[in-house]
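Overview (structure and organization)
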Amino acid sequence: MAKKLGKVIPKDLSVVGFGYEHTQLLSSPKISIIHQKAHKIGEMLHAVNR
């Protein structure tokens, strides 16, 4: 979509994803990925809500 609009990443846009590292392999151009450990977050929430 950015290419169609004549935008250049990262000059005109910044792209960040939430997910797993393999997601980055599918994107063009490469994007930054924030890895969330959902299982660990769930364990922490469970411990807090006891």
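Preceding block: the structure.
Presented here is a report on the structure given in the accompanying data block.

What follows deals with the overall build of the chain. Counting its regular elements, the chain contains 2 helices and 2 strands. Overall, the chain shows an N-to-C arrangement of helices and strands of β-α-β-α. Per element, the accessible surface of the chain, about 4,700 Å² overall, is 62% carbon and sulfur.

Side chains of Val 16, Phe 18 and Ile 34 sit close together on the surface and give an oily, nonpolar patch of about 300 Å² of accessible area. In this structure, Phe 18 sits in strand β1 (residues 16-18). A relative accessible area of 58% means that Phe 18 is categorised as exposed.

On to the environment of Gln 36, then. Positionally, Gln 36 belongs in the loop between β2 (32-34) and α2 (38-48). The class for Gln 36 is partly exposed, based on a relative accessible area of 42%. Placed 18 residues apart in sequence, Gln 36 and Phe 18 show a C-alpha to C-alpha distance of 7.1 Å.

Thresholds, definitions, all that
Residues numbered from 1 in each chain as written. Predicted model: local features only at pLDDT ≥ 70, side-chain atom pairs only at ≥ 80, totals over all residues. Heavy atoms only, no water. Helix = DSSP H or I, 4+ residues; strand = E, 2+ residues; numbered from the N terminus. Areas by Shrake-Rupley, 256 points an atom, 1.4 Å probe, with all protein chains shown as cover. Patch = residues over 30% accessible without salt bridge, like charges linked within 9 Å, V, L, I, M, F, W, Y side chains within 5 Å. Salt bridge = Lys/Arg side-chain N within 4 Å of Asp/Glu carboxyl O. Buried < 20%, exposed > 50% of the residue type's maximum accessible area, 1.4 Å probe, protein only.

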